[in-house]
Amino acid sequence: EANRRGAVRAATASLALGTLLAVTGAAVAVKCTQWYLGVNSAHEFAEYMRSRLPGQAQAVSSAANIEGTKSSLAQWFRDKLGVGDFVTAREADKRA
C-alpha cells in the first residue's frame, strides 16, 4: 500500500511538472513570436500573416473546410483503399 501511494504521488508530480513545463513553453513561444513580429494580439497576428502570405489565404481557408474534408477522406478510404469491403468482410466473419 505504501509503494502504491508513492507511485501515485510520483505520477501526479510528474504530470503536474510536465503540464507546467508545457504551458510555460507555449507562453514563451507566444511572447517571443509577439516580440519578434511586433504584434500584440491574435487579430494583429492574423493581419500580419495575411499581408505576408496574400496568395496563401485562400488555400488556408479552403483547407479549413473540415466537413468537406472529412466526407471526402471517408469516401477515399472506402473507394481507394477498400476499407469498406474489409469492414464488411470482418462483420460477415463475426456473424458466421
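Rules used throughout
- Residues numbered from 1 in each chain as written.
- Predicted model: local features only at pLDDT ≥ 70, side-chain atom pairs only at ≥ 80, totals over all residues.
- Heavy atoms only, no water.
- Helix = DSSP H or I, 4+ residues; strand = E, 2+ residues; numbered from the N terminus.
- Buried < 20%, exposed > 50% of the residue type's maximum accessible area, 1.4 Å probe, protein only.
- Areas by Shrake-Rupley, 256 points an atom, 1.4 Å probe, with all protein chains shown as cover.
- Patch = residues over 30% accessible without salt bridge, like charges linked within 9 Å, V, L, I, M, F, W, Y side chains within 5 Å.
- Salt bridge = Lys/Arg side-chain N within 4 Å of Asp/Glu carboxyl O.
- pLDDT = per-residue confidence, 0-100.
- Phe/Tyr/Trp six-rings, centres within 6.5 Å; stacked < 30°, edge-to-face > 60°.
- Expected span 1.5 Å × (residues − 1).

S.K.: Describe in detail the overall build of the chain, supporting the description with residues and values.
M.R.: From N to C terminus, the chain includes five helices and zero strands. Counting every position in the chain, which comprises 96 residues, the buried fraction comes to 1%. Split by element, the accessible area of the chain, about 8,300 Å² in all, is 63% carbon and sulfur.

S.K.: A description of a nonpolar patch on the surface should follow, citing residues and the corresponding values.
M.R.: On the surface, a cluster of nonpolar side chains totalling about 410 Å² of accessible area is made up of Phe77, Leu81, Val83, Phe86 and Val87. Take Leu81: it is sitting in the loop between helix H4 (66–80) and helix H5 (83–95). Assessed through its relative accessible area of 48%, Leu81 is described here as partly exposed.

S.K.: Let's hear about the pattern of salt bridges: which residues, and what values?
M.R.: For the coordinates displayed, the defined rule picks out three salt bridges. With a closest N to O distance of 3.0 Å, Arg50 and Glu47 form a salt bridge. Here Arg50 pairs with Glu47, and both are found in helix H2 (residues 42–52), just three residues apart, close to one helical turn. Take Glu47: its relative accessible area is 39%, and that puts it in the partly exposed class. Salt-bridge contacts for Glu91 lead to Arg95; the nearest nitrogen and oxygen are separated by 3.6 Å. Here Arg95 and Glu91 lie together in helix H5, a separation of four residues that amounts to about one turn.

S.K.: So, the confidence of the model for the chain: which residues are in play, and what are the values?
M.R.: Per-chain confidence: the chain averages 81 in pLDDT, with 77% of residues scoring 70 or above. Of all secondary-structure elements in the chain, the lowest mean pLDDT belongs to helix H3 (residues 57–63), at 57, while helix H1 (residues 2–37) reaches the highest, 94.

S.K.: Could you give me a rundown of the packing of aromatic side chains, with the residues and numbers involved?
M.R.: Using the criterion set out here, one finds one aromatic pair in the structure. Judged by centre distance (6.5 Å) and plane angle (55°), the ring pair of Trp35 and Tyr36 falls under tilted. Taking relative accessible area as the criterion, Trp35 reaches 69% and is therefore assigned exposed. Among the residues examined, Tyr36 registers a relative accessible area of 66% and is labelled exposed.

S.K.: Quick one: what's the story with H1, residue by residue and with numbers?
M.R.: Its 36 residues give H1 an end-to-end C-alpha distance of 52 Å, which sits within 8% of 52 Å, the value for a rise of 1.5 Å per residue. One or two steps after H1, the chain reaches Gly38, where phi turns positive at roughly 70°.

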